[in-house]
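# Survey of secondary and tertiary structure
One letter stands for each residue in the lines below.
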Amino acid sequence: MGDGVICLVKRVQGGFYPRVYGIFGHREFALSYDPEQEIIVMVGSSEAVDLALRAVIDPGDEVLIPAPSYIAYEPITHLHGGKIVEVAATIEEQLKLTPQALQAAITPHLIFTS
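Residues numbered from 1 in each chain as written. Predicted model: local features only at pLDDT ≥ 70, side-chain atom pairs only at ≥ 80, totals over all residues. Heavy atoms only, no water.

This part covers the pattern of salt bridges. Enumeration over the complete set of coordinates arrives at one salt bridge. The salt bridge partner of Arg54 is Asp50, with a shortest N-O separation of 2.8 Å. Taken together, the residues span about one helical turn, with Arg54 and Asp50 both in helix H3 (residues 45–56) at a distance of four residues. Looking at Arg54, the relative accessible area reads 47%, which means it is partly exposed. Note on Asp50: relative accessible area 14%, which makes it buried. (Salt bridge = Lys/Arg side-chain N within 4 Å of Asp/Glu carboxyl O. Helix = DSSP H or I, 4+ residues; strand = E, 2+ residues; numbered from the N terminus. Buried < 20%, exposed > 50% of the residue type's maximum accessible area, 1.4 Å probe, protein only.)

Have a look at this one:
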């Protein structure tokens, strides 16, 4: 193990956990925002996807999910009452969604993930 990992393990075992809103120095970018109110540091992408979809999905909303896609989209969508609209990204199209495929999937209750 590297020195950084050992140091982190010792800090966690010693009762140190970073604040849930992250370490301030890790949230400084060349943007205009309030880091105390507008930035959330996540432990992983699944947690971030969960919170993002939780914020915008109402039960019954349809969530467009490209196939293939990130493995967490489907279960997180179901967890929050969303309905999945899968759109295939084919090898013939170099795994890119086409405007035609997207247009065919649009409904009044559609939300897009990517």
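Before going further, it helps to spend a moment on the environment of Gly82. Note that Gly82 resides in the loop between helix H4 (73–79) and strand E2 (83–88). For Gly82, a relative accessible area of 7% corresponds to the buried category.

Cis geometry is adopted by the peptide bond preceding Pro68, which originates at Ala67 and carries an omega value of 5°. Note that Pro68 resides in the loop between strand E1 (62–67) and H4. The phi dihedral of Gln94 is positive, around 60°, even though this residue is not glycine. On the basis of relative accessibility, which here comes to 61%, the residue Gln94 falls in the exposed class. Of note in this structure, Leu95 is not a glycine but carries a positive phi near 60°. Here Leu95 shows up in the loop between E2 and helix H5 (99–105).

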